[in-house]
Amino acid sequence: MLRQTLAILLLITLFGCGKFDEPSPQNAIPQATNIAIADLRKLVADRSLFIEEPLVIGGYVTSSDKASNFHKTFVIEDATAGAEVMAGLYDLHNIYPEGYYVTIDLKGCCIAQNYGVLQIGMRAESYSYYPTEYFSSRILLDKHITRYDVRNPVAPKPAAINELHQSDCGRLFCIGNLSNVNSQYTATVPLNQTGTWQGYNLFADKNGVLIAVYTSDYANYAKESLPDSDVAITGILQYGELGSEEMFMLKMRDINDCKTNN
């Protein structure tokens, strides 16, 4: 009886103190990578590509789903480009916190672009609207993705809208001197007319160049009022069609990604 009790206490000590969703970094020395994200973008181009070679990328996490504007995905960035991981889980900010380094073993993954952003996931079914599918389980995620105990938060890159390129999609940018111009485009573009962040809102810089900002209905700040002054907005860069016009878009991580210009 005493032996059984001691065995139970040992199991509790070994397994009972951790949380299921806590990150489990392998060590402080990341696995070597053999392809940059920018080169992976060029390899994929405009197709969906199933990776059968031992390719490994690495990057620092630049997104957070804590405010629920990112849905079951997180974004990483290396020195060359950014990519979105179709993780398929909630509360990813607990597993892959902002600023931490991850490597991704791409063999067995499907790579494609969506809204200009390189996406990494599983092969999608032929009838799917999306070019890649979510990873189906935490076990599969852990097979392909390793998070290390190495942290170096990526600062958003400041830029003017006319300096952006589609190859920049997936990276964290900060665009300054923006004002909301929804009221000027109500007849031509499907915009949010409630005065809140929810959905698509259109902003313009001092030269009248447009950029859209997307906020999910489920974001915890979706019902908050839009700013009535000039702002600087930080977010993951995307590119897509709004109405009949193609343009760059930003996807904020939380309400703090919008700051009033000083």
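Now for a quick tour of the structure. The structure presented is a predicted model; accordingly, all values stated were derived computationally and were not measured.

Here the focus is the side chain of Ser216. On the secondary structure map, Ser216 appears in the loop between β13 (210-215) and β14 (231-242). Take Ser216: its relative accessible area is 10%, and that puts it in the buried class. The contacts of Ser216, once residues within four sequence positions are left out, are Ser68, Asn69 and Ala222.

Next up on the list: the environment of Gly59. Tracing the backbone through its elements, the reader meets Gly59 in strand β2 (residues 56-61). Of the residues examined, Gly59 reaches a relative accessible area of 0% and is grouped as buried. Considering only alpha carbons, one finds Gly59 and Asp78, 19 residues apart in sequence, at a separation of 4.4 Å. Setting aside residues no more than four positions away along its own chain, Gly59 makes contact with Ile76, Glu77, Asp78, Tyr100, Tyr101 and Val102.

Within the element layout of this structure, Leu242 appears in strand β14. When the C-alpha positions of Leu242 and Leu191 are compared, they lie 8.7 Å apart, and in sequence the two are 51 residues distant.

What follows covers the layout of surface pockets. Over the atoms, a rolling probe the size of a water molecule traces out where space has been left empty. Each pocket or cavity is described by its volume, and for the largest pocket that value is around 730 Å³. Where the lining of the largest pocket is concerned, the elements lending two or more residues are β7 (117-123) and β8 (132-133). For the lining of the largest pocket, the per-class residue count stands at 11 nonpolar, 10 polar and six charged.

Under the counting rule described, the total for this entry stands at six salt bridges. A salt bridge links Arg138 to Asp142; its shortest N-O distance comes to 3.1 Å. Here Asp142 and Arg138 lie together in helix α4 (residues 138-144), a separation of four residues that amounts to about one turn. With a relative accessible area of 17%, Arg138 lands in the buried category. Two residues, Arg147 and Asp149, come together in a salt bridge whose shortest N-O distance is 4.0 Å. Each of Glu98, Arg253 and Asp257 takes part in salt bridges that share partners, so that together they form one network.

What follows is about the side chain of Asn182. Turning to its location among the elements, Asn182 is positioned in the loop between β11 (172-180) and β12 (199-204). Residue Asn182 is classed as buried on the basis of its relative accessible area of 4%. A distance of 3.0 Å separates a polar atom in the side chain of Asn182 from the backbone oxygen of Asn192. Discounting chain neighbours no more than four positions away, the residues touching Asn182 are Leu191, Asn192, Gln193, Asn201, Leu202 and Leu226.

Scoring rules and cut-offs
Residues numbered from 1 in each chain as written. Predicted model: local features only at pLDDT ≥ 70, side-chain atom pairs only at ≥ 80, totals over all residues. Heavy atoms only, no water. Helix = DSSP H or I, 4+ residues; strand = E, 2+ residues; numbered from the N terminus. Buried < 20%, exposed > 50% of the residue type's maximum accessible area, 1.4 Å probe, protein only. Contact = heavy atoms within 4.5 Å. 1 Å grid on protein atoms, 1.4 Å probe; cavity = no way out; pocket = protein on both sides within 12 Å on 5 of 7 lines; lining within 4 Å. Points joined across faces, edges and corners; volume = space filled by probe spheres on them. Nonpolar A, V, L, I, M, F, W, Y, C, P; charged D, E, K, R; others polar. Salt bridge = Lys/Arg side-chain N within 4 Å of Asp/Glu carboxyl O. Polar contact = N/O pair within 3.5 Å; in protein donor to acceptor, adjacent residues only side chain to side chain.

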